[in-house]
Amino acid sequence: MESTESSTQAKSAKQTASSFYRTVWRWHFYAGIIFAPFLVMLAVTGSVYLFKPQIEQNLYQHYYEVTPQDERMSATEQINAVKAKYPDASITKYRPGESDDRSSEVKIATAAASATVFVNPYTGKIIGELADDDRIMNKIEEIHGELMAGTIGDRIVELVACWAIVLIVTGLFLWFPRNKTTGWSGVFIPRVRQGKKIFRRDLHAVPAFWMTAGMLFLILTGLPWSGFWGTNFQSLATNQGLGYPPSIWGGEAPVSAVQTKDVAEVPWAAETLDVPKSNVEGLVPASMDDIVSIAKQQGMDPSYAISIPSDPTGVYTLSAYPAKAEDEATIHLDQYSGAVLADYRFDNYGLVGKAVALGITLHKGTEFGLINQLISLLICLGIILVAVSGFYLWFKRKPGKGMGAPKGPPAKSIKWFILVLILLGILFPLVGLSLIIVWLVDFLIIRRIPAVRRFLNA
């Protein structure tokens, strides 16, 4: 009697484990089919964007490079040269250039578009003009960040990134060896002598394991840029006292409807910093030469840019967004007196701000130069290999009819997995929303149409 009862319990436990495994496999399968093409696109565009400094240096070398001379023209004279050339444009930004052989940049805006004008700082000669829409790397960044589809594209990319985490978690579960006698083969190294079927499986699973940490790092360091999750995470970090210490303000911290990201391109940690107002008392605005001198006195990184105020109460914003996170700086100056109204640097960041800033420069491949770029490139290539090999694995296994996914067990037998999905939906709201949509499609369409149910093995 006891033997029969033990056998029944063992059989039940085995069936439960099998149901759970098939459930994980099913979700991994469909998430891969849907999101793998987007992951390949992100990996390809990310691979190109990693080498933005080298690519732009080669593409725009004739704009960037100048021959150093004994005397530089003042910033005001350079800007006046641009005004004379483009009388109908407004000047929005000035960038002195980070080295003696680098041109200055003056950002202009017209009713039609915005562009960068490159100026020889020694002669005042206009070297050329480059419209923002014509920058190749801007297009790559737009595809990578929002599929060139604005807010909708941004949400899709964020959804892909969040579901990639689901892919990683479920993939690790499927990879984990269940046979203790397997050894290293098929776990850490592919099996090349056990037939094509096993090799195809290992070509997907083994590289995926080795790339797991890198893939997860790129996803988590990219999410702070996302429009929904990233914005809410940024607000949470700031509101919980992890944002701006009182010491960065030259006076009382302002209450402003304008955030720094609205007036300048600044590091992530400074994007929601409130913009103070200049003290308007009939004063003459400080010249660009004065602002450049103040930037030098404040020890700004040579790659800094100056955003010019557009109204009488606006401020000059000095922003340095250099290769290394520890050199980041954002400074607001009174446009009349040049007084420092806010000075926010890496050392002022809270723990979250520092972690995100460092994560972003590592994500972009700039923190440690070429070695950083090559490691990130290897991860991107690994993502492409895993996605393509997974698709190939499915294609070779796919039956003549149907998708070839394992059959989904009843919901009551996978309660723990459902709980995990709910937790992921809370942590990543777009995942939660997509799960609701999947459930509605399953309930209203898949379950009610026999042909679709058979095709999806539901």
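Because the structure is predicted, anything quoted here is derived from the model rather than measured.

Participant: I keep staring at the UniProt feature "domain: PepSY" (unreviewed entry) in the protein and nothing clicks. Help me out?
Facilitator: UniProt's entry tags residues 73–129 and 287–343 with the feature "domain: PepSY" (unreviewed entry), counted in the numbering of this structure. Here residues 73–129 runs as 19% helix and 39% strand, with 19 Å between its end C-alpha atoms. Measuring from the first to the last C-alpha atom of residues 287–343 gives 20 Å, for a span that is 18% helix and 33% strand.

Participant: I keep staring at the packing of aromatic side chains and nothing clicks. Help me out?
Facilitator: Ring pairs (aromatic) are described by centroid distance and by the angle formed between their planes. Within this structure, the stated rule accounts for 21 aromatic pairs. The interplanar angle of 15° and the centroid separation of 5.7 Å between the aromatic rings of Phe35 and Trp163 together place this pair among those described as stacked. Pair noted here: Phe35 is in helix H1 (residues 2–50) and Trp163 is in helix H6 (residues 150–175), with a separation of 128 residues, a long-range link. Just as Phe35 is buried, Trp163 falls in that class too. By the ring-pair criterion, three or more aromatic residues cluster together here, those being Trp175, Phe176, Phe188, Phe209 and Trp210. Above the ring of Tyr64, the side-chain terminus of Arg102 is found at 3.9 Å from the ring centroid. Lying over the aromatic face of Tyr60, Arg135 brings its terminal NZ or CZ to 5.7 Å of the ring centre.

Participant: Explanation requested: the sheet that holds strand S7 (residues 329–334) in the structure shown.
Facilitator: Sheet strands pair via backbone hydrogen bonds, and the direction of the pair is either parallel or antiparallel. Taken together, eight strands build an open sheet; the order of strands is S4-S3-S2-S1-S5-S6-S7-S8 and the sheet is antiparallel. Taken across any chain shown, the strands that pair with only one partner, and hence form the sheet edges, are strand S4 (126–131) and strand S8 (340–345). When strand polarity is set aside, the average angle formed by the axes of neighbouring strands in this sheet is 20°. Here five bridges tie S7 to S8, and the two strands are oriented antiparallel to one another. Note on S8: the bridge partner recorded for His332 is Ala342. This element, helix H9 (residues 288–297), spans strand S1 (90–95), strand S5 (305–307), strand S6 (315–320) and S7 of the sheet and lies at about 40° to S6.

Participant: Can you help me understand unusual backbone geometry in this one?
Facilitator: Keep in mind that most residues, glycine aside, have a negative phi and that most peptide bonds are trans. If you check the backbone angles, Leu147 has positive phi at about 55° while not being a glycine. Position of Leu147 relative to the elements: it lies in the loop between helix H5 (136–146) and H6. For Met148, which is not glycine, the phi dihedral falls at a positive 60°. Positionally, Met148 belongs in the loop between H5 and H6. Given the relative accessible area of 43%, Met148 is considered partly exposed.

Participant: Which parts of the structure should I look at to understand the pairing of S7?
Facilitator: Working note: regular strand, side chains alternate between the two faces of the sheet. The buried count for S7 comes to six of six residues, which makes it a mostly enclosed element. Both faces of S7 are covered, namely the face carrying Ala329, Ile331 and Leu333 and the face carrying Thr330, His332 and Asp334. Sheet topology places S6 next to S7; six bridges connect them, and they run antiparallel. Pairing of Tyr316 across the sheet is with Leu333, part of S7.

Participant: Which parts of the structure should I look at to understand the nonpolar core?
Facilitator: Nonpolar side chains tend toward joint burial in soluble globular proteins. By size, the foremost hydrophobic cluster in this structure holds 35 residues, and its most contacted members are Trp163, Ile219, Leu223 and Phe428. Secondary-structure elements contributing two or more residues to this core are H1, H6, helix H7 (196–222), helix H11 (369–397), helix H12 (415–427) and helix H13 (429–444). It is H6 that contributes the most residues to this core, eleven residues altogether. Leu223 has contacts with Glu158, Ala161, Cys162, Ile165, Trp229, Gly230 and Phe428, leaving out every residue within four places of it along the chain. Ranked by size, the runner-up nonpolar core spans 27 residues in total, among them Val106, Val117, Ile291 and Val292.

Participant: Whenever I open this one, the packing of H7 against H11 confuses me. Can you help?
Facilitator: The description of two packed helices rests on the angle between their axes and on the distance between the axes. Interaxial distance between H7 and H11 falls to 8 Å at its minimum, and their mutual angle equals 145°. Handedness of the H7/H11 crossing: left-handed.

Participant: Sorry, what's going on with the UniProt feature "transmembrane region" (unreviewed entry) in the protein here?
Facilitator: Per the UniProt entry, the sites bearing "transmembrane region" (unreviewed entry) are residues 27–51, 156–176, 208–229, 374–394 and 414–445 in this numbering. With 100% helix and 0% strand, the stretch residues 374–394 has end C-alpha atoms that lie 30 Å from each other.

Participant: Sorry if this is basic, but what is going on with the environment of Ser278 here?
Facilitator: For Ser278, the position within the fold is in the loop between helix H8 (229–242) and H9. C-alpha separation for the pair Ser278 and His332, spaced 54 residues apart in sequence, amounts to 9.5 Å. Excluding residues that lie within four positions of it along the chain, Ser278 makes contacts with Pro312, Thr313, Gly314, Val315, Leu333, Asp334, Gln335 and Tyr336.

Participant: For this particular structure, what's the right way to read the side chain of Thr366?
Facilitator: One can find Thr366 in the loop between helix H10 (351–364) and H11. Engagement of the side chain of Thr366 in a polar contact is seen with the backbone oxygen of Ala323, the distance being 2.7 Å. Setting aside chain neighbours within four positions, we find Thr366 in contact with Ala323, Thr361 and Asn372.

Participant: Mind showing me how you'd approach the pairing of S6 here?
Facilitator: The buried count for S6 comes to six of six residues, which makes it a mostly enclosed element. Residues Val315, Thr317 and Ser319 point to one face of S6 and Tyr316, Leu318 and Ala320 to the other, with burial holding for every one of them. Of the strand pairs in this sheet, S5 and S6 are connected by three bridges, and their pairing is antiparallel. In the sheet register, Ala305 faces S6, and the bridge partner there is Ser319.

Thresholds applied
- Residues numbered from 1 in each chain as written.
- Predicted model: local features only at pLDDT ≥ 70, side-chain atom pairs only at ≥ 80, totals over all residues.
- Heavy atoms only, no water.
- UniProt positions renumbered as here; feature names shortened; annotations may be inferred.
- Helix = DSSP H or I, 4+ residues; strand = E, 2+ residues; numbered from the N terminus.
- Phe/Tyr/Trp six-rings, centres within 6.5 Å; stacked < 30°, edge-to-face > 60°.
- Buried < 20%, exposed > 50% of the residue type's maximum accessible area, 1.4 Å probe, protein only.
- Lys NZ or Arg CZ within 6 Å of the ring centre and 35° of its normal.
- Pairing = 2+ DSSP bridges.
- Axes fitted to C-alpha atoms, helices over the stretch in contact; angles between N-to-C directions.
- Contact = heavy atoms within 4.5 Å.
- Core = buried A, V, L, I, M, F, W, Y, C linked by side-chain atoms within 4.5 Å.
- Left-handed = near helix turned anticlockwise from the far one by under 90°.
- Polar contact = N/O pair within 3.5 Å; in protein donor to acceptor, adjacent residues only side chain to side chain.

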